[in-house]
Amino acid sequence: MSFLTPLYLAGLAAISLPILFHMFRRVPRGRFVFSTLMFLSPSPPRVTRRSRIEHWLLLLLRAAAVLLLAFAFARPYWRDDTAEDDWSSRPRQVAILLDTSASMRRGNLWQDAQGEVNLVLSSLNPSDVVRFHAFDDTLRTLITAEDWSSLAFAERGALALRQLQELQPTWSATRLDSALTSVAESLAAEDLVSGENAEATGERVIVLITDLQGGTRLTGIQGFEWPEQVRVDLRRVHAKDATNAFMTWIDPAQDALLEEGEHEDNRRVRVRVANSGDATHGQFRIYWQAKDGNDETAEKVDIYVPPGGSRVVMTPPPPEADATSELQLEGDGHGFDNTIFRVASRLREQSVVYLGAKSASSDGPEFFLSRALPKSTTQQTSMIAHNPGEPLPPDLATSPDLIVVTEPVEPHWIDWLRDQVGGGETTALFVVSNPRVIESLKELIDQASLSGEEAVVRDYAMLASVDFDHPLFAPFRDPQFADFTKIRFWKHRSLGWASVPGASVLARFDDGDPALAEFPLGQGSIFVLTSGWDLEDSQLGLSSKFVPLIAGMISYRKSRISQTQTFSVNEFIPLAEMFDGDASEFADASVISPAGNRMELAENGSLRVNLPGIYRAHVPNKDEIQLAVNLAASESQTEPLAPDDLSRLGVRLADEPSTSGHRQSAGQRRQLLAAELEGKQKLWQPLCLAAFLVLVFETWLAGHLARRNAAPDGATT
Amino acid sequence: MARSSVQSTADDSLSSGEIRPGGRVELQSLMRIRGLEMRAKVVVEGFWTGLHRSPYHGFSVEFTEYRQYSTGDDLRYLDWRLYARSDRYYVKRFEDETNLRCHFLVDASRSMGFGTTGYTKSDYAATLAATMAYFLSQQRDAVGLVTFDRDIVDYIPARYRPRHSHRLMVALEKTPAGEGTDLTVPLARVAELMNKRGLLVLISDMFAPIGSLEYDLSLFRSRGHDVIVFQVLDPSELEFSFSAATQFHDVETGKQMYVDPAAVRNSYRERLEKHNAAIERSCRQLGIDFRRMATDSHLEPALAELMRIRRREGQTRKRFSRQAGRSRG
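Now for a description of the structure that goes with this document. Bear in mind that the values here come from a model prediction, so they are computed numbers and not experimental data.

**Quick word on the side chain of threonine 381 of chain A**
Residue and element names in this part refer to chain A.
Part 1: Checked against the element boundaries, threonine 381 lands in strand β17 (residues 379-386).
Part 2: Of note is the side chain of threonine 381, whose polar atom sits 2.7 Å from the backbone oxygen of proline 374.
Part 3: Setting aside its immediate chain neighbours within four residues, threonine 381 contacts Gln350, Val352, Leu373, Pro374 and Ile554.

Structure follows, in structure tokens:
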């Protein structure tokens, strides 16, 4: 048996105390109160008698308690000679994990981090197996264990240094959790991989070199069970200047609809400026970057943001006629996040043609339609009403977004409709408030089998089945919006057809009749609603579903470019979805990065951006679109985290830099092994328990003896 | 007439030194009775009123003797019929049944708080005093109480009143708190307080220097008091039967002394006996009755002792009176 802290064995000397107390007790413990001492004379204690041990068992119990406690404190363990012998020959598994996120661009951090890597490399042993990883929001393996092992010891350091020199901080966010858990898992699985040599695996250390800034994502570690044998040697690098301010756009969609005449203000943009908690000052300035690079003429706005605080600031109007713009911030210590990019949202003008009877009343279809048209800071919708019984007007709009037909139309209107809808740019909506409208539809799509008549509705009808997979109803897929049963239909028409290729029913009434059907026409679509939305037919016009439904139809065939054209670095931009096209169409698409490089799209038509700035996407037959890519806001939160934050999440931190272990003496290694063995065996626990039991018994015995030896006189005073 | 028969019966029993079986109660049982008055009542059971004679000769109903008339005698008590027969002036003397004035002097020092019998010397002394006080108050005698340590603690003058004995019991039930025993000062004070002759019953462990004890007690005797001393001691004080060597703590002085009982037992006994012998000798010289009471001894003998002493005193006085009368005649 060996002891981890043998100095505590000195406590064994305390065994002598009970013996001494027993042997040299001269002053009796008891005190007897007597009425008078006038007839007594003092009699000295008889040493011969008291120098004898009176209660051997009691003495032995007390000595045993002291002995057990001293042994427990000395942390005994059973020596494992084989383990000790192997210790020095065990290969250590070391993973160097270097943070290359954007925040490492600050000041001296990258140089410091490189210095740390050099330090680690220089202190490695030949037997150590090293992996070299870099991470930001993804984990990249620069040197694998196999690569390392295959090289001669002299070449290993050179390889690592080459990799290090090629490495630069990226513009990505820091996802330490995924990187750390992946590397920890791979290190923990080393035993399994090495198979027979599992026992021969030595210490496992992740040397984490990072700035551990506040925006580092750690949430993924929460649910991760940290491997017991893996320890993290945290090497933090610290920026000299702590002050870092950053800006984030306020989503323009959150802006309320502006009134007429506020165009100038509309061009002003709201931005949130935040300052780091450990900043030393809070005075900054923001301005729009001039295209010619001359910042002197730019209008600068002074702002004060206290350390740890944030403010929403209205910027000056961006430079005129610029779709893209860069907002600059100056005054803080680090410039890596001082520019944010923006693509001005263009006002989309949409038009709707209404073919139906004009009605002055407030319960007709035109009335409801005119109020359901979308109108916001990013889109404007106009409606033109025509009488389908009249000839085509000369100023008839071409390629409207939606044509709504509520009345039977003349043949010349049929031709016009066919042209518009067949071109693919326009969607038509036939509102069958009158069975005669079906005749016009039949003529338009040239389907004789199409028939319709007034349905018999008992009380009212409801929408029973809705195809939420259809793009029109997809926005209602969420259960909180999917309830259409509150819309009651008093009247509707039953629509039937034999076989129309591509026709589909999007919604049905509870009596089984189609409520909304889609018929293809050329490249376009025609929606047929078998009931009206006026109050005569239904409550649809009053429903909350009406406005998004109409908006969906207006934008149904147009390229639906996302309103949000601002993205973060390393985000996948679904270009194909934004253009509402097939991924195959984007095979020839090209994207120009802010650095001027041409980028290719992924197979699914998405684009991964890795630089902040303005990206320009060119897709054949489509308009050029510009995309603003900014740094992830989390990366700008540079206030450092405490190492305890990692400990709290279960990460086992090494108390001392583990790489120094290579310089440890054999004695220190033995001490580490002893600590490990002792930690596993935990012999101090049964020893403490035994000491406790001995003390309990000793207490009982001492009490029993004391009662027995109590003064027989039982004097009371 | 009934009274005289009771008296004669009691006298017979006292003279033979027996206690009636009905009056004996186990001491441990007695001391477990909480109320002191009840304890006294139990002990006094069997003793009745009128067991003692008055030490005074006055003019009462019972004639004792004739005395020749001298100038200044009250002419109301001149026996005119004897004058007619003998032509001499004689005055009739009667046995005066005056009430006895008895004071109990009870030691209340802390040394009285010691006891190994389940109760303390103080408890025993209080019971003893209460028993005798109750007995006397049953006789319509005036009973008073003085408790003392270094000085007088409580003083209740001798009276015969309905609630007076209760007051006495309450005072006796107080826990002894006095620091030390010093008989000189309290006895001198008591001697000053009591200007009328009576009986004094001193109950104490007498653990005090006896240097001036003889003088202190002689003060009472010189003033005509009759004195009885009861020395109350715990059996363990008499025998010093302790076995464990330990630190002995003087309850009064606070002094500590390591004592091995086996080693000092003999010397202790010798010193105690010497001390007690000195006290007895002083009492004897002064004509004071002395009795040592171990706290495990019954109380009735003490009561019998009291009665015996009183009876003897009564006879002695009567005899002296007669002798005086004869010599004058």
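**Looking at the pattern of salt bridges**
Part 1: Inspection of every chain in the model, using the stated rule, returns 27 salt bridges over all chains.
Part 2: For aspartate 74 of chain B, the salt bridge is made with arginine 76 of chain B, and the minimal N-O distance between the two is 2.8 Å.
Part 3: Classification of arginine 76 of chain B as exposed rests on a relative accessible area of 65%.
Part 4: Between arginine 292 of chain B and glutamate 280 of chain B there is a salt bridge, with its nearest N and O atoms 2.8 Å apart. Within this pair, whereas arginine 292 of chain B is found in strand β11 (residues 289-294), its partner glutamate 280 of chain B is found in helix α10 (residues 261-286), the two being separated by twelve residues in sequence.
Part 5: Taking relative accessible area as the criterion, arginine 292 of chain B reaches 29% and is therefore assigned partly exposed.
Part 6: Take glutamate 280 of chain B: its relative accessible area is 30%, and that puts it in the partly exposed class.
Part 7: Where salt bridges share partners, they join Arg285, Lys300, Asp302 and Glu330 of chain A into one cluster.

**A few points about the interface of chain A and chain B**
Part 1: Each partner contributes to the interface: chain A provides 25 residues, whereas chain B provides 35 residues.
Part 2: A buried area of about 2,900 Å², summed over both sides, lies between chain A and chain B, and 64% of it is on carbon and sulfur atoms.
Part 3: Among the residues of chain A in contact with chain B, Phe34, Leu37 and Phe39 of chain A are the three that bury the most area, contributing 25% of the side total.
Part 4: The tally of links from chain A across to chain B stands at zero salt bridges.
Part 5: With four residues, strand β2 (residues 31-34) of chain A is the single largest residue contributor to the side of chain A that touches chain B.
Part 6: In terms of residue class, the side of chain A that touches chain B is made up of 13 nonpolar, eight polar and four charged.
Part 7: Bridge analysis of β2 of chain A against strand β9 (residues 246-250) of chain B gives four bridges, and the strand direction is parallel. The partner of phenylalanine 32 of chain A across the bridge, within β9 of chain B, is phenylalanine 248 of chain B.

**Observations regarding the pairing of strand β7 (residues 199-204) of chain B**
Residues and elements named next belong to chain B.
Part 1: Of all six residues in β7, six are buried, a share of seventy percent or more.
Part 2: By the alternation rule, side chains of β7 split into Leu199, Val201 and Ile203 and Leu200, Leu202 and Ser204, which are all buried.
Part 3: With five bridges joining them, strand β4 (residues 101-107) and β7 adopt parallel strand pairing. Bridging from a neighbouring strand, cysteine 102 pairs with leucine 199 of β7.

How each quantity is defined
Residues numbered from 1 in each chain as written. Chains lettered and ligands numbered in written order. Predicted model: local features only at pLDDT ≥ 70, side-chain atom pairs only at ≥ 80, totals over all residues. Heavy atoms only, no water. Helix = DSSP H or I, 4+ residues; strand = E, 2+ residues; numbered from the N terminus. Polar contact = N/O pair within 3.5 Å; in protein donor to acceptor, adjacent residues only side chain to side chain. Contact = heavy atoms within 4.5 Å. Salt bridge = Lys/Arg side-chain N within 4 Å of Asp/Glu carboxyl O. Buried < 20%, exposed > 50% of the residue type's maximum accessible area, 1.4 Å probe, protein only. Buried area = accessible area lost by both parts, 1.4 Å probe. Nonpolar A, V, L, I, M, F, W, Y, C, P; charged D, E, K, R; others polar. Pairing = 2+ DSSP bridges.

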